[in-house]
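Residues per chain, in single letters:
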Amino acid sequence: MHRDEIVIGGLGGQGIVLAGYIMGKAAALFDKKNSTHTQDYGPEARGGACRTQVVISDDPISYPYIDNPSVLAVMSQGAYNTYSPTMRPDTMLLIDEDMVKPEKSKDTRIFTIPATRIAQELGRAAVANIVMLGFITAVSQVVSRDAMKQAVLESVPKGTEELNTKAFDRGYAHGLEQLTPSEGKGK
Amino acid sequence: MNDDGSEQTQEMDQYLREDRMPHIWCPGCGIGSVLHCFLSALVKTDIDADKVCVVSGIGCTGRAAGYVHLDSFHTTHGRAIPFATGLKLANPELQVVVFSGDGDLVAIGGNHLIHAARRNIDMTIICVNNFNYGMTGGQLGPTTPLDARTATSPSGNYERPFNIPYLAAASGATYVARWTSMHVRRLEQTINEALLKRGFKFIEVIAPCPTVYGRMNRQPTGMDQMRYYQENSVIQHGADPKDVDIDLNGKIIVGKFIDIDLPTYSDLQLRVEQKAFGPEESKGEAVKKKAATAASKSK
Amino acid sequence: MARRGPLVGEFFMNGDIACAEGGISAGCRFFAGYPITPATEVAERMAARLPEVGGTFIQMEDELGSMAAILGASWAGVKSMTSTSGPGFSLMMENLGLGIMLETPCVVANIQRAGPSTGLPTLTGQGDMMQARWGSHGPYSIIALCPSSPQECYYLTIKAFNLSEQYRLPVLVMADEIVGHMSEKVVIPPPEDIPLTPRRQPTTPPGEYVPFQPDEDLVPPMANAGDGYRFHVTGLTHDERGYPVMTAAAQDKLVRRLIDKIEVNKADIIEIEEDGTEDADVIVCSYGISARVSQYAVELARGEGIKVGMLRLITVWPFPEERIRQLARQTKTFIVPEINSGQIVLEVERCAGGKAETLLLPHMGGSAHRPETILEAIRSAVK
């Protein structure tokens, strides 16, 4: 029973839940796998720690939750502090390097991207989540690039497709740069 | 339609469930006369009786639905208006009349009353106000005048009552009138006018409850209460609803207070849908049906 | 903006939205509701979708009004539904009873959260299961279905509409916050592949129509308001004409039929799912999200060589008592994980009748069970 377990954490308002939804959709509808997307949310619409979980599997998914993610992507220090203790030794940690200062650890492999800064360069900080999605796609390879791009296009507001495609591509390219040549091959 | 009383009575009889007679109302009770006025008003319209729905809540007046030979619904306490809202919005062709009492419509159902008025749902409300809960033995209600004695205000009521026309008007009703059950011809005329008008129409009818309210307040027979109405009713069409409070044994200002035209809930809904979907799309069958119904109602 | 009809294809959507789409596919064209977490998305979806299919959405002033309005709409001949969660479900009990008494088809979706009272509005619970069964006053029977996934939210909402038309009563879809808010793939078949149960219209002309005279299956045909039948219906105890009759005999006759029309048709109504129950030493019996966590634990236990079965209740009311009685003769223990202090376990225990042990795994709400909790219970049961 191979399960990819992806947790994305950040602040309410960063588009964390949408990012998880897009990933789940990409896996389910375009990669034709099983996927389950869940979210934690509280009464606050903005601010507050926020987490979204995506389980992807070739088999039917009974238990929808993730205790120890295989991939943890965080976009705020609070989310890092809250969710990093759930990491297992082989967890891939992905961070927005301007938002999160991780503790030094020799076990965990850390991938960094200035996702929010890239989004600002593109003209809208709001697409940082899509930059991060591109990055996660390249680094974790849990969903295919085509599936993810299609899911992004179907899920973002009309008229923002071009901006979001750029955001995704920037994140994806940044991810490829961080992989070793053998890891990046064929993806 | 005609002025021949006997023919009209015959015509009205077909709107009564004779197999349910005798009714439960006490001698001297005013509800029967109000029901009579409603049916005679209905006869004088060209509304297809098959399309008329009478919805009642609980209480003495709530039993009215059970006596009319029309599609009729005796629902739960206070919920006649939302039930009627569902009927009307699901099939706009229906002519929906809510016939219920003051306790039902204004106390337990008060929230629904103000919101249906606010939305201007196309329906006619006939609210029989006998100043107390008759069916349960004469407890104080939302309309009981100050100082009136009831089973739960044995030494006199110390709760300020609602002035219902003011409540209905302030909530957005586009037609508000009040009569007593003594004013049969005027009441009939008012109900007739209301049935033919679109919008949320509210008619309060003050009616005797000799058995409990009257007995406890020195008007122990229907006649006593009718005499009180006769001596104290003041017809003031166009009166400001805020000025039509009723004090114990005081004046009862009656007449038509509000009669304005505003788009109904369905009109505004249709407008938004047409805007959203464009004129091309708004030719959809459902929308057409709604529009046609809206048009045919403006007799 | 263009009008879309019922959707067809594969979608990635949460349980709330799938529930609304199930309604649309089932022909629901009237929705009355009041915003409440975690059911609000059902109403929001309906507000967007109903105008597209020629239906009507209204946001009512409260859940008392919502429930009353869907009954009214149903009598106007339009399939109707509402959605809510715990506090709103409590308010709906009043007119749920009216729906039972007037034999009014409609659907109520309860996306359960943790109570009592305001409790945990954004977090899951399964504490309304007995309220679903007995929450309105007086004796009656009810149908309640429990989805475990968004796909099932879609499918069971359609099924709920079909059962409500078939047996003329409000049918409850008892989801929970986790299922309501989780997104998964939902396959929506083309309309021609979705069997729908039409309303049972009177075959007699208006003059001869007896509104509550039942057919052979104890269900009476139902006339629509405005069709000329001039019927009367009342929440009072009534005879077959729909007229109030205030006697114990009339009460007995009416209420027995209201209950029996469900009881005698149980075989048609009940849907359960079994996995490895035939030779199981222990059977985990659960529903909704708890059934998914249970399934996971059951698979872990099987990995350890334990003979454990899974019984998932899709129909919870009427309760599948016959099957549980049979299984009680074959197995040693039923384990019942549920997100409450023990509701459905009482039914399992009643049906097991001492022939098998019944073990409750309660959870007061706010999350699902930990799979290890269930796994540990399975291990202990076979020790």
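Being a predicted model, the structure only gives us computed values, none of them experimental.

*Asks:* Explain the layout of surface pockets here, please?
*Replies:* To find leftover empty space, a probe the size of one water molecule is rolled over the atoms. Approximately 590 Å³ is the volume attributed to the second largest pocket. Together, 26 residues line the second largest pocket, and A:Pro60, A:Ile61, A:Ser62, C:Glu184 and C:Arg292 are the ones closest to its centre. Listed by contribution, the elements that provide at least two residues to the lining of the second largest pocket are strand E2 (34–40) of chain A together with helix H6 (150–167), strand E9 (183–188), helix H10 (288–303) and strand E13 (308–313) of chain C. Looking at the lining of the second largest pocket, the element that brings in the most residues is H10(C), giving 5 residues. Of the residues assigned to the lining of the second largest pocket, the class counts are 8 nonpolar, 9 polar and 9 charged. Counting contributing residues, the lining of the second largest pocket receives three or more from each of domain 1 (9–193) and domain 2 (273–382) of chain C.

*Asks:* How should I be thinking about the environment of B:Tyr229 in this particular structure?
*Replies:* Assignment of secondary structure puts B:Tyr229 in helix H9 (residues 222–232). Among residues more than four places away in sequence, those in contact with B:Tyr229 are B:Thr180, B:Ser181, B:Met182, B:Ile206, B:Ala207, B:Pro208 and B:Ile252.

*Asks:* Is there a simple way to think about the interface of chain B and chain C in this case?
*Replies:* Note on interface size: it is often stated as the accessible area lost on association of the parts. Listed by partner, the interface residues are 46 residues for chain B and 45 residues for chain C. Per-residue buried area on chain B facing chain C is highest for B:His74, B:Phe83 and B:Phe277; these three make up 16% of the total on that side. Taken together, chain B and chain C are joined by 4 salt bridges. With its nearest N and O atoms 4.0 Å apart, the salt bridge here joins C:Arg241 to B:Asp19. Taken together, the links from chain B to chain C amount to 24 residue pairs in polar contact (both at pLDDT 80 or more). At the level of elements, strand E2 (71–74), helix H3 (80–90), helix H5 (110–119), helix H10 (265–281) and helix H11 (285–296) of chain B are the ones that each hand at least two residues to the side of chain B that touches chain C. Split into classes, the residues belonging to the side of chain B that touches chain C amount to 18 nonpolar, 16 polar and 12 charged. With 3 bridges joining them, E2(B) and strand E10 (residues 232–234) of chain C adopt parallel strand pairing. Across the sheet, B:His74 pairs through a bridge with C:Thr234, a residue of E10(C).

*Asks:* Would you mind going over empty space enclosed by the protein with me for this structure?
*Replies:* All names here are of chain B. Using the criterion set out here, one finds 4 cavities of 30 Å³ or more in the structure. Lining the second largest cavity, in full, are Phe131, Pro145, Tyr213, Asn217, Gln219, Gln225, Tyr228, Tyr229, Ile246, Asp247, Leu248 and Asn249. Considering each element in turn, the lining of the second largest cavity owes the most residues, 3 residues, to H9. Grouping the constituent residues of the lining of the second largest cavity by class yields 7 nonpolar, 4 polar and 1 charged.

*Asks:* Explain the interface of chain A and chain C here, please?
*Replies:* Each side of the interface is counted separately: chain A has 21 residues, and chain C has 23 residues. A buried area of about 1800 Å², summed over both sides, lies between chain A and chain C, and 56% of it is on carbon and sulfur atoms. Along the contact surface separating chain A from chain C lie 2 salt bridges. A:Lys32 is the salt-bridge partner of C:Glu10, the closest N and O atoms lying 3.0 Å from each other. Counting residues per element, the ones that place at least two in the side of chain A that touches chain C are helix H1 (16–30) and E2 of chain A. Its residues assigned to classes, the side of chain A that touches chain C shows 9 nonpolar, 8 polar and 4 charged.

*Asks:* Is there a simple way to think about the domain arrangement of chain B in this case?
*Replies:* Here the domain parsing of chain B yields domain 1 (5–262) and domain 2 (264–299). Centre-to-centre, using C-alpha coordinates, domain 1 of chain B lies 31 Å away from domain 2 of chain B.

*Asks:* Looking at this structure, how should I read the nonpolar core?
*Replies:* Across soluble globular proteins, nonpolar side chains show a tendency to be buried alongside one another. Residues B:Phe73, B:Phe83, B:Leu87, C:Phe30 and C:Ile378 are the most contacted members of the largest nonpolar core, which totals 165 residues. At 8 residues, H6(C) tops the list of elements feeding residues into this core. Once residues within four sequence positions are removed from consideration, B:Leu87 is found in contact with B:Cys53, B:Val55, B:Phe73, B:Leu94, B:Val96, C:Gly72, C:Ala73, C:Trp75, C:Ala76 and C:Ala225. Of all hydrophobic cores here, the second largest spans 47 residues; its members include B:Trp25, B:Leu42, B:Tyr67 and B:Ala148.

*Asks:* Can you help me understand the environment of C:Met81 in this one?
*Replies:* All names here are of chain C. Secondary-structure assignment places methionine 81 in strand E4 (residues 80–84). Look at methionine 81 and you get buried, because its relative accessible area is 0%. Residues methionine 81 and glycine 207 lie 126 residues apart in sequence; the distance between their C-alpha atoms is 31 Å. When near neighbours in sequence (up to four residues on either side) are disregarded, methionine 81 contacts Cys19, Gly23, Cys28, Phe30, Phe31, Ala32, Met46, Ile70, Val107, Ala109, Thr157 and Phe161.

*Asks:* It is not clear to me how the arrangement of the chains should be interpreted in this structure. Could you clarify?
*Replies:* Taking contact number as the criterion, the leading pair out of 2 pairs of chains in contact is chains B and C. Spatially, chain A is disjoint from chain B: no contact exists, and the shortest C-alpha separation is 16 Å.

*Asks:* Help me understand the side chain of B:Asn157 in this model?
*Replies:* All names here are of chain B. Inspection of the secondary structure assignment puts asparagine 157 in the loop between strand E6 (139–140) and helix H6 (164–171). According to the relative accessible area criterion, asparagine 157 is buried, its value standing at 2%. For asparagine 157, the side chain forms a polar contact with the main-chain oxygen of proline 145, separated by 3.2 Å. Looking at asparagine 157, its side chain comes within polar contact range of the main-chain nitrogen of glutamate 159, at 2.8 Å.

*Asks:* How do you make sense of the pairing of strand E5 (residues 92–96) of chain A when you look at a structure like this?
*Replies:* Residues and elements named next belong to chain A. The buried count for E5 comes to 4 of 5 residues, which makes it a mostly enclosed element. Two strands pair when backbone bridges link them, and strand E4 (residues 71–74) and E5 are joined in this way by 4 bridges, in the parallel orientation. Opposite alanine 73, over in E5, you have leucine 94 as the bridge partner. As for the winding sense of the linkage, the β-α-β connection from E4 through helix H2 (residues 77–83) to E5 is right-handed.

Each value, and the rule that gives it
- Residues numbered from 1 in each chain as written.
- Chains lettered and ligands numbered in written order.
- Predicted model: local features only at pLDDT ≥ 70, side-chain atom pairs only at ≥ 80, totals over all residues.
- Heavy atoms only, no water.
- 1 Å grid on protein atoms, 1.4 Å probe; cavity = no way out; pocket = protein on both sides within 12 Å on 5 of 7 lines; lining within 4 Å.
- Points joined across faces, edges and corners; volume = space filled by probe spheres on them.
- Helix = DSSP H or I, 4+ residues; strand = E, 2+ residues; numbered from the N terminus.
- Nonpolar A, V, L, I, M, F, W, Y, C, P; charged D, E, K, R; others polar.
- Domains from an automatic or database assignment.
- Contact = heavy atoms within 4.5 Å.
- Buried area = accessible area lost by both parts, 1.4 Å probe.
- Salt bridge = Lys/Arg side-chain N within 4 Å of Asp/Glu carboxyl O.
- Polar contact = N/O pair within 3.5 Å; in protein donor to acceptor, adjacent residues only side chain to side chain.
- Pairing = 2+ DSSP bridges.
- Core = buried A, V, L, I, M, F, W, Y, C linked by side-chain atoms within 4.5 Å.
- Buried < 20%, exposed > 50% of the residue type's maximum accessible area, 1.4 Å probe, protein only.
- Right-handed = clockwise from strand over helix to strand, strands pointing away.

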